[in-house]
Amino acid sequence: MRNTPIAIFFVLVALQILQPSYAGCKITPDGSGHVTIPNNASGNFERGFKECTSLKTVTIPSSWEAIPHGIFEKSGLTSVVIPSNIVEIRGHAFFECTDLTSITISSNVSTIPKHFCNGCTSLTSIVI
């Protein structure tokens, strides 16, 4: 029984490693890694693509006014264009998106939290 915590640890690590790349994807990306979030998308998209490593690009719906909290956290997102209908980016939206290289933000965005892209180690371009 003394090794039980170690065995549990290894099982948890194995489950994390064996998790499919689309796990955590509220909408499964197509073959190229793209998701178009529909205009009529409803429900809670907070952390909707957290750890969705197969996500590479996204089309954000014109019906949204804000990017939900943590929506793309730790995902495989490589680039994103924030459209003109968005006025707010909520906290941790792109937190630890280590593959993210570029963000284009509309000038209509009036709120960008200080931690919206912490840990984006590949980020080389933010255009407003």
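Relevant structure appears above.
Rules behind the numbers
Residues numbered from 1 in each chain as written. Predicted model: local features only at pLDDT ≥ 70, side-chain atom pairs only at ≥ 80, totals over all residues. Heavy atoms only, no water. Disulfide = S-S within 2.5 Å. Helix = DSSP H or I, 4+ residues; strand = E, 2+ residues; numbered from the N terminus. Buried < 20%, exposed > 50% of the residue type's maximum accessible area, 1.4 Å probe, protein only. Contact = heavy atoms within 4.5 Å. Pairing = 2+ DSSP bridges. Axes fitted to C-alpha atoms, helices over the stretch in contact; angles between N-to-C directions.

Peer 1: Teacher, can you tell me more about the state of the cysteines here?
Peer 2: By definition, a disulfide is the covalent link that joins the sulfur atoms of two cysteine residues. Within this structure, the stated rule accounts for one disulfide. Between Cys 25 and Cys 52 runs a disulfide, and the two sulfur atoms are separated by 1.8 Å. Taking the torsion about the S-S bond as the criterion, the Cys 25 to Cys 52 disulfide, at about 90 degrees, is right-handed. In this pair, Cys 25 sits in the loop between α1 (4-17) and β1 (34-36) while Cys 52 sits in the loop between β1 and β2 (57-59), placing the two residues 27 residues apart along the sequence. Its relative accessible area of 13% is what places Cys 25 among the buried residues. The thiol sulfur of Cys 117 is not disulfide-bonded, and the nearest other cysteine sulfur, from Cys 120, lies at 4.8 Å.

Peer 1: What's the story with the environment of Leu 123 in this structure? I'm lost.
Peer 2: With respect to the helices, strands and loops of the structure, Leu 123 is situated in the loop between β6 (102-105) and β7 (125-127). With 25 residues separating them along the chain, Leu 123 and Thr 98 place their C-alpha atoms 7.8 Å apart. Not counting chain neighbours up to four residues away, the residues in contact with Leu 123 comprise Leu 100, Thr 101, Ser 102, Ile 103 and Cys 117.

Peer 1: Help me understand the sheet that holds β7, please; the structure alone is not making it clear to me.
Peer 2: Consider a sheet: its strands pair through backbone hydrogen bonds, and that pairing is either parallel or antiparallel. Pairing within the open sheet is parallel, and its three strands lie in the order β4-β6-β7. At either end of the open sheet lies a strand with only one pairing partner, and these are β4 (79-82) and β7. Recorded for the sheet is a direction-independent mean angle of 5 degrees between the axes of neighbouring strands. Where β6 lies against β7, three bridges are found, and the strand directions are parallel. When the bridges of β7 are listed, Ser 102 appears paired with Ser 125.

Peer 1: How do you make sense of unusual backbone geometry when you look at a structure like this?
Peer 2: Backbone phi values are negative for most residues with the exception of glycine, while trans is the configuration of most peptide bonds. Of note, the phi angle at Glu 51 is positive, near 60 degrees, even though the residue is not glycine. Along the chain, Glu 51 turns up in the loop between β1 and β2. One non-glycine residue, His 92, lies in the positive phi region at around 60 degrees. Counting through the fold element by element, His 92 comes out in the loop between β5 (88-89) and β6. For His 92, a relative accessible area of 26% corresponds to the partly exposed category.

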